[in-house]
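Spelled out, the chains give:
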Amino acid sequence: MKRQDYLSWDEYFMGIAMLSAQRSKDPSTQVGACIANHDHKILSMGYNGMPTGCSDDEMCWEREGEELQTKYPYVCHAELNAILNNDGGSLKGTSIYVTLFPCNECAKAIIQCGIKEVVFMQDKYADTAGVIASKRMFDMAGVAYRQYIPTEKTLTLTF
Ligand SMILES: Nc1ccn([C@H]2C[C@H](O)[C@@H](COP(=O)(O)O)O2)c(=O)n1
Ligand SMILES: [Zn+2]
């Protein structure tokens with residue numbers, strides 16, 4: 001008889017997004033994303049981080065203060081990194097698994113590259129204009145979004 005406690009596709013793709021988030025150097029919010037197609041193939045992954053060539057050690061990671069001294073103008077979001085990390089093939093009709101609901105800038109990129117489904121874990125910025133705008137754009141553009149339903153399964157990774 002086959003194993004019964006294997007990961008579902010949702011658990012697998014969200015698990016990859018969660019693992020990717022652990023690469024983030026952001027001290028307050030680590031976000032991961034994983035893009036998969038209808039054949040359950042993973043096409044790309046990403047996490048929030050500074051652009052290539054912009055040193056993680058030299059850039060600011062502050063949330064507050066003079067804008068140019070915060071992380072916000074510089075950090076590349078997990079979803080955008082996952083889209084840009086894709087190796088040239090089409091992302092049309094794919095699903096993006098992301099640990100935090102996409103902001104409006106990532107929502108535009110998600111729509112423009114043809115991703116058709118967003119599966120998110122947290123929505124802690126649901127009340128912000130950015131996330132409200134994302135949902136408005138997804139609704140208009142026919143991008144489905146659904147919250148990942150936690151399964152309480154625990155997986156221990158020992159490195
Ligand atoms: N959907 C999102 C939303 C945010 N991020 C990144 C941008 C920042 O690095 C961090 C948020 O920081 P906070 O304001 O919570 O201190 O998360 C992302 O990658 N994707
Ligand atoms: Zn974003």
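An unreviewed UniProt entry lists the chain under the name dCMP deaminase family protein, with Fumia xinanensis as the source organism. UniProt lists a comment for the chain under the heading Cofactor (unreviewed entry), and it reads "Zn(2+)". What UniProt states about the chain under its Sequence similarities (unreviewed entry) heading is, verbatim, "Belongs to the cytidine and deoxycytidylate deaminase family."

Q: I would appreciate a short explanation of the overall build of the chain in the present structure.
A: For the chain, the count of helices and strands is four helices and five strands. When the helices and strands of the chain are read in sequence order from the N terminus, they spell out α-β-β-α-β-α-β-α-β. Taking 159 residues into account, the globule formula puts the C-alpha radius of gyration at 15 Å, and the chain, at 16 Å, falls close to it. With the C-alpha coordinates aligned to their principal axes, the bounding extent of the chain is approximately 60 × 45 × 35 Å.

Q: What am I meant to see in the site of ligand 1 here?
A: In the region of ligand 1, 18 residues are neighbours, and Thr29, Arg63, Tyr72, Glu79 and Tyr125 sit closest. At 2.7 Å, a side-chain N or O of Ser28 approaches an oxygen atom of ligand 1. Contact distances for ligand 1 include 2.7 Å between an oxygen atom and a side-chain N or O atom of Lys71. Looking at side-chain class alone, the shell around ligand 1 contains nine nonpolar, four polar and five charged residues.

Q: Would you take a moment to explain the coordination of the zinc ion (ligand 2) for this structure?
A: At the metal site, the zinc ion (ligand 2) is ligated by His77 (ND1), Cys103 (SG) and Cys106 (SG), and these contacts range over 2.0 to 2.2 Å. We note that the donor set of the zinc ion (ligand 2) lies within a single chain, spaced as H-x25-C-x2-C. Taken as a pair, His77 in the loop between β2 (42–47) and α2 (78–85) and Cys103 in the loop between β3 (95–100) and α3 (104–112) lie far apart in primary sequence, 26 residues in all. Residue classification places His77 among the partly exposed positions, given a relative accessible area of 31%. By relative accessible area, Cys103 is classed as buried at 18%.

Q: Would you mind showing me how to read α2 here?
A: Since there are 3.6 residues in each turn of an α-helix, residues three or four apart along the chain are aligned in direction. For α2, the full list of buried residues reads Ala78, Glu79, Asn81, Ala82 and Ile83. Its buried side turned inward, α2 meets β1 (32–36), β2, β3 and α3.

Q: Could you clarify how one ought to interpret the UniProt feature "binding site: Zn(2+)" (unreviewed entry) in the chain in this entry?
A: Mapped onto the present numbering, the UniProt feature "binding site: Zn(2+)" (unreviewed entry) falls on His77, Cys103 and Cys106. These residues run over 30 residues, yet every pair of their C-alpha atoms falls within 8.8 Å of each other. With near-sequence residues (within four places) excluded, Cys103 lies in contact with His77, Glu79, Gly130 and Ser134. By the element assignment, Cys106 lies in helix α3.

Q: So what exactly am I meant to see when it comes to a nonpolar patch on the surface here?
A: A cluster of nonpolar side chains, contributed by Leu7, Trp9, Tyr12, Leu19, Leu155, Leu157 and Phe159, occupies part of the molecular surface with about 810 Å² of accessible area. Tracing the chain through its elements places Leu7 in the segment before α1 (9–21).

Q: Help me understand the UniProt feature "domain: CMP/dCMP-type deaminase" (unreviewed entry) in the chain, please; the structure alone is not making it clear to me.
A: UniProt feature "domain: CMP/dCMP-type deaminase" (unreviewed entry): in the numbering of this structure it lies at residues 8–132. Taken end to end, residues 8–132 has its terminal C-alpha atoms 30 Å apart, with 27% of it in helix and 18% in strand.

Thresholds applied
Residues numbered from 1 in each chain as written. Chains lettered and ligands numbered in written order. Predicted model: local features only at pLDDT ≥ 70, side-chain atom pairs only at ≥ 80, totals over all residues. Heavy atoms only, no water. UniProt positions renumbered as here; feature names shortened; annotations may be inferred. Helix = DSSP H or I, 4+ residues; strand = E, 2+ residues; numbered from the N terminus. Rg over C-alpha atoms; globule rule 2.2 N^0.38 Å. Near = heavy atom within 4 Å. Polar contact = N/O pair within 3.5 Å; in protein donor to acceptor, adjacent residues only side chain to side chain. Nonpolar A, V, L, I, M, F, W, Y, C, P; charged D, E, K, R; others polar. Donors = N, O, S within 2.8 Å, 3.2 Å for Na, K, Ca; no water. Buried < 20%, exposed > 50% of the residue type's maximum accessible area, 1.4 Å probe, protein only. Contact = heavy atoms within 4.5 Å. Patch = residues over 30% accessible without salt bridge, like charges linked within 9 Å, V, L, I, M, F, W, Y side chains within 5 Å. Areas by Shrake-Rupley, 256 points an atom, 1.4 Å probe, with all protein chains shown as cover. Salt bridge = Lys/Arg side-chain N within 4 Å of Asp/Glu carboxyl O.

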